[in-house]
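Examining the three-dimensional arrangement
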Amino acid sequence: MAISMNCKDSEKMIPAFLKDDLTSKELKEFIEHIDSCPECMEELSIQFLVVEGLERLESGSNFNLQNALSGKMTGARQDVNFNHTLKLTLFWLETAVVCAIIISLVILFH
C-alpha cells in the first residue's frame, strides 16, 4: 500500500508543479493529494495567482485564475492518465514478448 503525500510535501512541490518540473510519479501523488485537500488546493491557487498573475500582468494579457488553473490541473491529470496507460501497455507488450519467446523455445526443443 502506498503512503499518501502529506500537506507539507505537497506545498513544497507546488513551485515544481507550476514549472512543469515533476516526475510522473511525483505528479500523480501531487494531483491525488491536491484533489483531496482543499487547503493545499487553496495554497496552489495562491501561488499560481502570484506566478502566473505577475507574468500575465507584465505581458498585458487578460487573466482568469480559475480557468487557467483548471486548465493546468486538467492537463496534469491527462498526463498522469497517459503515463499510466503507457506503463500498462508496455507491461502487456513485454508479457507478450516473453510468451512468444517461451512458445518459440518450447517448439524449438520439442
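Note that residues are indexed from 1 along each chain, following the sequence as it is written. The predicted nature of this model means local features are confined to residues of pLDDT at least 70 and side-chain atom pairs, given and counted, to a pLDDT of 80 or more, with totals for whole chains, interfaces and linings taken over all residues. To get the side-chain values, all heavy atoms of the structure are used, and hydrogens and water are removed first.

Unlike most non-glycine residues, Asp20 shows phi in positive territory, near 55°. Helix and strand assignments come from DSSP, with helices taken as H or I runs of at least 4 residues and strands as E runs of at least 2, each series counted from the N terminus. Among the structural elements, Asp20 can be located in the loop between helix 1 (7-18) and helix 2 (24-36). Using a 1.4 Å probe on the protein chains alone, a residue whose accessible area is under 20% of its type maximum counts as buried, one over 50% counts as exposed, and one in between counts as partly exposed. Since its relative accessible area comes to 62%, Asp20 is described here as exposed.

Throughout this description, the term salt bridge denotes a Lys or Arg side-chain nitrogen within 4 Å of a carboxyl oxygen of Asp or Glu. This structure, assessed with the given rule, holds three salt bridges. With its nearest N and O atoms 2.7 Å apart, the salt bridge here joins Asp20 to Lys72. Linking Asp20 in the loop between helix 1 and helix 2 with Lys72 in helix 4 (residues 65-109), this pair joins segments that are 52 residues apart in sequence. Across the salt bridge formed by Asp35 and Arg77, the nearest N and O atoms sit 2.6 Å from each other.

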